[in-house]
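Residue-level structure breakdown
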Amino acid sequence: MWGWFESTLRTYPEIAIFLSLAVGYYVGGKSFKGFSLGAVTATLLTAVLIGQLGITVSANVKSVFFLMFLFAVGYGVGPQFVRGIAKDGIPQAIFALIVSALCIVVPVVCARIAGYDLGYAAGLYAGSQTISASMGLATDAINRLGLPPEQAKAMLDAMPVAYAVTYIYGTIGSAIVLATIGPKLMGIDLAAACKEYEATMGAHTSLGGPDSAWHGFELRAYRIREGAKVSGMTAAQAEALVSDARLFIERLRRGSEIMDVTGDAVLQAGDVVAIAGRREVLVDLLGHRSEEVDDPELLSVKAEGVDVYVTNKEASGKTLAELAKLPAARGVFVRRIKRGATGTEIPVLAQTTLHRGDILTLVGRVSDTTAAAKALGYIDRPSNVADVAFIGGAIALGALVGALVIQVGGAPITLSTAGGTLIAGLLFGWLRSIHPTFGRIPDSTVWFMNSVGLNVFIAVVGISAGPGFVAGLQQLGLSLFLWGVASTTIPLFLAMYLGKYVFKFHPALLFGCVAGARTTTAALGMICDAAKSQTPGLGYTVTYAVGNTVLTIGGMIVIMLLS
């Protein structure tokens, strides 16, 4: 039976790939006391184990899925990358560039001192900085050196060994340093710093807090009594009586007639009005002063929660408080703001500034959300259909440009198909954010291209390197792990001091900036938990966009520096 299994996997290597994914995602999704290998590391280890059977997989499979992955990465970070480089994220972008340089130089120095070859050096860099994608560019760079096939293969086999040994601390160590050790070392009370920052951003004007859930918005019916102050007022005048909260009269019942309400509608005694607002505001301000009515027909309003891309130049750069004064904002509440490739949640505060590429989740009547979307940008109603023609064309165009080779002083200079595809993703992702009429890729599709694309690449790498993994681990395991600890920790400490004393970032944003520059999402999660706030995410998006791009290209830079 075992002989048949081995023979089948060698004959049909595609089965080995899917088996690696199945076990990798299953094991990687499990956690023990908060620790998880993650899908990438688990897939790599599984593939290396399966690779002991001597399975041969075509390198073309690896290349196809890696290009798909790189395009998804670029597409996701494009809006924030362009904004960070070209406009108001310049300080954070410069910070990310410096930190990225430190994250490349320190592993190179460690590899040089330890005497590692190019393969181990590239794996040490990829694992300690948790930037799996860099192995693809490092692989491409090694293949272009013109080394003897046996020597090149030995280096490529060493790369996943070093990656697997150093990645675990690269993930866990980064989170511990930034979320636990860093605040103590910097003398920062993270939770207090976030509260102070939120207060300066106008958190006190929002009675419901910055992170009210979906059920925080309700529609309730109240009867206007005889002699009530609002009797004879327009709906807009009545709404303005509550100065520290946003309430809107959506509909009213007058006798047996039900009608939708605009701002100039005049209210009368005896009317039953449907008022929308935050639940706590309705309960505290109206619940004890007004007669609440159970009127299912009146409250049967067609409402929705929709995502809106901010693309309008007039809206970009303005705060929520400024935008709330626009006529199109009437009847609409902002439930959530997402920014960046990882969908980082930004606090909904009065002084929160919107930027092109932000995604707002708006709550309200369909007519109101549609009007608000026109003022902000483009309403993106849910769809499962991806523009595959766009995906294929964009990847092909980027790869063709990257394949061009220019001779400079006799030396061939090229982006490589991988670099060209990444840049194409950045460009088209940015264009999509400001002109979202083409190139739609649903979040689920982006996730598939990103996660599965990378893990198929990793699986092929692991299967191909399997035979040499055990020997390499036995030879360099402990020392490699310790060099990985140094390569992970040193740049993080330098980055924290740089951010605090040179760039003078606000303490609430400092650790988010460092986590973004190092592209460690796990650390951001622990930082936000320690802060009891999503505010650190404000420092994550621009630095992540820059860091993710530079650190990915870093795999090629490491080979160039050491070769």
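Look a little higher up for the structure.
Presented here is a report on the structure given in the accompanying data block. (Residues numbered from 1 in each chain as written. Predicted model: local features only at pLDDT ≥ 70, side-chain atom pairs only at ≥ 80, totals over all residues. Heavy atoms only, no water.)

**Concerning the state of the cysteines**
In this structure the tally under the stated criterion is zero disulfides. Note on Cys-194: no disulfide assigned, nearest cysteine sulfur contributed by Cys-528 at a separation of 7.7 Å. Under the relative-accessibility criterion, Cys-194 is labelled buried at 1%. (Disulfide = S-S within 2.5 Å. Buried < 20%, exposed > 50% of the residue type's maximum accessible area, 1.4 Å probe, protein only.)

**Examining the sheet that holds strand β3 (residues 257–260)**
Ordered in space as β3-β2-β4-β1-β5, the five strands form an open sheet in which the pairing is antiparallel. Of all the strands in the sheet, the pair left with one neighbour each is β3 and β5 (291–293). Mean inter-strand twist for the sheet, computed between neighbouring axes without regard to direction, equals 35 degrees. Here strand β2 (residues 248–254) pairs with β3 via four bridges, running antiparallel. Opposite Arg-251, over in β3, you have Asp-260 as the bridge partner. (Pairing = 2+ DSSP bridges. Helix = DSSP H or I, 4+ residues; strand = E, 2+ residues; numbered from the N terminus. Axes fitted to C-alpha atoms, helices over the stretch in contact; angles between N-to-C directions.)

**Concerning the packing of helix α2 (residues 13–28) against helix α3 (residues 38–50)**
At a closest axis distance of 7 Å, the pairing of α2 and α3 adopts a crossing angle of 135 degrees. Regarding the angle of α2 to α3, the classification is oblique. As α2 runs across α3, the sense of the crossing is right-handed. In this structure, α2 uses Ala-16, Leu-19, Ser-20, Leu-21, Val-23, Gly-24, Tyr-25, Val-27 and Gly-28 to contact α3, whose residues at the interface are Gly-38, Ala-39, Ala-42, Thr-43, Thr-46, Ala-47 and Ile-50. Of the residues that constitute the contact of α2 with α3, the class distribution is ten nonpolar, six polar and no charged. (Parallel < 35°, antiparallel > 145°, perpendicular 65-115°, else oblique. Left-handed = near helix turned anticlockwise from the far one by under 90°. Contact = heavy atoms within 4.5 Å. Nonpolar A, V, L, I, M, F, W, Y, C, P; charged D, E, K, R; others polar.)

**Things to note about the pattern of salt bridges**
Enumeration over the complete set of coordinates arrives at 14 salt bridges. Where Arg-220 meets Glu-218, a salt bridge forms, and the shortest distance between an N and an O atom there is 2.9 Å. Relative accessible area serves as the criterion here: at 18%, Arg-220 is assigned to the buried category. Assessed through its relative accessible area of 24%, Glu-218 is described here as partly exposed. Of the charged contacts, one joins Arg-365 and Asp-368 as a salt bridge, the two residues approaching to 2.9 Å between their closest N and O atoms. Here the two residues Arg-365 and Asp-368 agree in accessibility, since each one is buried. Connected through shared salt-bridge partners, Glu-250, Arg-251, Asp-260, Arg-365 and Asp-368 make up one network. (Salt bridge = Lys/Arg side-chain N within 4 Å of Asp/Glu carboxyl O.)

**What to know about the side chain of Arg-365**
Within the secondary structure, Arg-365 is located in strand β9 (residues 359–365). On the basis of relative accessibility, which here comes to 9%, the residue Arg-365 falls in the buried class. Discounting residues that sit within four places of it in the chain, Arg-365 has contacts with Glu-250, Asp-260, Val-261, Val-301, Lys-302, Ala-303, Arg-330 and Gly-331.

**Notes on the packing of aromatic side chains**
Scanning all chains against the criterion turns up 16 aromatic pairs. Residues Phe-71 and Tyr-75 carry aromatic rings whose centres are separated by 6.1 Å and whose planes lie at 35 degrees to one another, so their mutual orientation is tilted. Separated by four residues within a single helix, Phe-71 and Tyr-75 lie in helix α4 (residues 59–86), roughly one turn from each other. Counting every residue linked through ring pairs, the aromatic cluster contains Phe-71, Tyr-75, Phe-390, Phe-428 and Phe-438. (Phe/Tyr/Trp six-rings, centres within 6.5 Å; stacked < 30°, edge-to-face > 60°.)

**Section: unusual backbone geometry**
A positive phi angle, close to 50 degrees, is found at Thr-519, a residue other than glycine. Locating Thr-519 in the fold gives a position in the loop between α18 (507–517) and α19 (521–531). Given a relative accessible area of 10%, Thr-519 falls into the buried group. The backbone of Lys-532 sits at a positive phi, close to 55 degrees, despite the residue not being glycine. Relative to the elements of secondary structure, Lys-532 occurs in the loop between α19 and α20 (541–562).

**Some remarks on the sheet that holds strand β8 (residues 344–346)**
The strand order β8-β7-β9-β6-β10 describes an open sheet built from five strands, whose pairing is antiparallel. The strands lining the two open edges of the sheet, one partner per strand, are β8 and β10 (377–380). When the angles between neighbouring strand axes are averaged without regard to direction, this sheet yields 35 degrees. Across seven bridges, the pairing between strand β6 (residues 303–310) and β9 is antiparallel. For Val-306, the partnering residue across the bridge sits in β9 and is Leu-362. Relative to β9, helix α14 (residues 366–376) is tilted by about 145 degrees, and along the sheet it contacts β6, β9 and β10.

**A look at the layout of surface pockets**
Roughly 870 Å³ of volume is contained in the second largest pocket. Around the second largest pocket sit 37 residues that line it, and Arg-246, Leu-320, Ala-321, Ala-324 and Val-332 are the ones nearest its centre. Those elements giving two or more residues to the lining of the second largest pocket turn out to be α10 (235–240), α13 (320–323), β7 (333–339), β9 and α14. For the lining of the second largest pocket, the residue count by class is 28 nonpolar, three polar and six charged. (1 Å grid on protein atoms, 1.4 Å probe; cavity = no way out; pocket = protein on both sides within 12 Å on 5 of 7 lines; lining within 4 Å. Points joined across faces, edges and corners; volume = space filled by probe spheres on them.)

**Remarks on the pairing of β2**
Counting buried positions over the seven residues of β2 gives six, a clear majority of the element. Bridging between β2 and strand β4 (residues 272–278) involves five bridges; their strand directions are antiparallel. Paired with Phe-248 across the two strands is Ala-276, which belongs to β4.

**Quick word on the packing of helix α7 (residues 134–143) against α20**
How two helices sit against one another is set out by the angle between their axes and by the gap between those axes. Between α7 and α20, the least distance of the axes is 7 Å, while the angle of their chain directions is 30 degrees. Looking at the two axes, α7 sits roughly parallel to α20. In terms of crossing hand, the pair formed by α7 and α20 is right-handed. Only Leu-551, Thr-552, Ile-553, Gly-555, Met-556 and Ile-559 of α20 make contact with α7, whose side of the interface consists of Ser-134, Leu-137, Ala-138, Ala-141 and Ile-142. Partitioned by chemical class, the residues of the contact of α7 with α20 number eight nonpolar, three polar and no charged.

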